[in-house]
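Analysis of the macromolecular model
Listed here are the chains, written in short residue letters.
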Amino acid sequence: MNDSILPHLNAALNATSFVLLVAGLYFISRGRVAAHRACMISALVVSGLFLVSYVVYHSQYGSMRFKGQGFIRPIYFTILITHVTLAAAIVPLITVTLRRALRGDFYRHRRIARWTYPLWLYVSITGVVVYLMLYRLYPAR
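Here's what I pulled together on the structure shown here. Each chain has its residues counted from 1, following the order in which its sequence is written. Predicted model: local features are reported for residues with pLDDT of at least 70 only, side-chain atom pairs are reported and counted for 80 or more only, and whole-chain, interface and lining totals are derived from all residues. Side-chain measures were taken over the full set of non-hydrogen atoms in the model, leaving aside hydrogen atoms and water.

Points about the packing of aromatic side chains
Only centres within 6.5 Å qualify two rings of Phe, Tyr or Trp (six-membered ring in Trp) as a pair; their planes then separate them into stacked at under 30 degrees, edge-to-face at over 60, and tilted for everything else. Overall, the coordinates contain eight aromatic pairs when judged by the stated rule. With a centroid separation of 3.9 Å and 5° between ring planes, the pair formed by phenylalanine 66 and tyrosine 76 is classed as stacked. Remark: tyrosine 76 occurs in helix α3 (residues 72-102) and phenylalanine 66 occurs in the loop between α2 (33-61) and α3; sequence separation between them is 10 residues. Centre to centre, the rings of tyrosine 131 and tyrosine 135 are 5.6 Å apart; their planes meet at 25°, and the pair counts as stacked. Placement of the pair is tyrosine 131 and tyrosine 135 together in helix α4 (residues 106-137), with a separation of four residues, close to one helical turn. Summarising the burial analysis for this pair, tyrosine 131 and tyrosine 135 share the class buried. Counting from the N terminus, the helices are DSSP H or I runs at least four residues long and the strands are E runs at least two residues long. Accessibility here uses a 1.4 Å probe with only protein chains present; expressed as a share of the type maximum, an area under 20% marks a residue as buried, one over 50% as exposed, and anything in between as partly exposed.

As structure tokens, then:
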């Protein structure tokens, strides 16, 4: 096992992104557009920091092998595979959603945000779940 702080930082960044996304929805549902915008842009920045930290960590340490056995293995790999797949898919969705908002095309922004938002939430929270399973519940010894 390595002693890098980056997996812990990555989990914290994913959790922060999740909280910012939830707050962003809360604010827009109450018509607080500026607060919504601040939360969503902050979630984007935090997710970008996560991506940089993730790449740095994996370039230094490679992949961590999951040590869980039995029924938990297929659960972990299902979460991991959906997380990784949707993490790749979410990048262009976030880009289009943000571009539409910045251009003031709020009708089309809302249409795509209905897809982007839950997927981004899922990617953020499953990032935390993968961390917990890999580094806390079933750590390499």
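Picking up after the structure, the text goes on.
Some points on the side chain of histidine 109
Following the sequence through the fold, histidine 109 ends up in helix α4. On the basis of relative accessible area, histidine 109 is assigned to the buried category, the value being 15%. The contact criterion used is simple: two residues touch if any of their non-hydrogen atoms lie within 4.5 Å. When sequence neighbours within four positions are dropped, the list of residues in contact with histidine 109 reads His36, Thr97, Arg100 and Ala101.

Points about the nonpolar core
Membership of the largest hydrophobic core comes to 15 residues, with the highest contact counts inside it found for Leu20, Leu21, Met40, Ala43, Tyr117 and Trp120. If you list the elements that add at least two residues to this core, you get α1 (6-29), α2, α3 and α4. It is α2 that provides the largest number of residues to this core, a total of six residues. What methionine 40 contacts, discounting residues up to four positions off in sequence, is Leu20, Leu21, Gly24, Tyr117 and Trp120. Definition of nonpolar core: a set of buried residues of the types Ala, Val, Leu, Ile, Met, Phe, Trp, Tyr and Cys, connected through side-chain atoms within 4.5 Å.

Some words on the environment of tryptophan 115
Within the secondary structure layout, tryptophan 115 lies in helix α4. The exposed category is assigned to tryptophan 115, whose relative accessible area is 61%. Taking the C-alpha atoms as reference, tryptophan 115 lies 16 Å from alanine 43; in sequence the two are 72 residues apart.

Quick word on the layout of surface pockets
Both cavities and pockets are sets of points on a 1 Å grid over the protein atoms alone; in a cavity a 1.4 Å probe fits but cannot get out, in a pocket the set is open with protein on both sides within 12 Å along at least five of seven lines, and lining residues sit with an atom within 4 Å of a point. Grid points are joined across faces, edges and corners, and a volume is the space filled by probe spheres set on the points. Looking at the largest pocket, its volume works out to about 800 Å³. Taken together, 37 residues make up the lining of the largest pocket; nearest its centre are Asn14, Phe50, Tyr54, His83 and Ala87. Of all the secondary structure elements, the ones that give two or more residues to the lining of the largest pocket are α1, α2, α3 and α4. No other element matches the 12 residues that α3 contributes to the lining of the largest pocket. Residue type decides the class: Asp, Glu, Lys and Arg count as charged, Ala, Val, Leu, Ile, Met, Phe, Trp, Tyr, Cys and Pro as nonpolar, and the leftover types, Gly among them, as polar. Within the lining of the largest pocket, the residues separate by chemical class into 24 nonpolar, 11 polar and two charged. Of the pockets and cavities examined, the second largest pocket occupies roughly 620 Å³. Considering the residues around the second largest pocket, the lining is formed by 24 residues, among which His36, Met40, Thr97, His109 and Ala113 are closest to the centre. Only α1, α2, α3 and α4 provide two or more residues apiece to the lining of the second largest pocket. For the lining of the second largest pocket, the leading source of residues is α4, giving nine residues. Looking at the lining of the second largest pocket residue by residue, the class counts come to 16 nonpolar, five polar and three charged.

Some thoughts on the pattern of salt bridges
Take a side-chain nitrogen of Lys or Arg and a carboxyl oxygen of Asp or Glu: if they are within 4 Å of each other, that pair is a salt bridge. If you walk through the whole model with that rule in mind, you get one salt bridge. Here aspartate 105 makes a salt bridge to arginine 108, at a shortest N to O gap of 3.2 Å. Using a relative accessible area of 39% as the deciding quantity, one classes arginine 108 as partly exposed.

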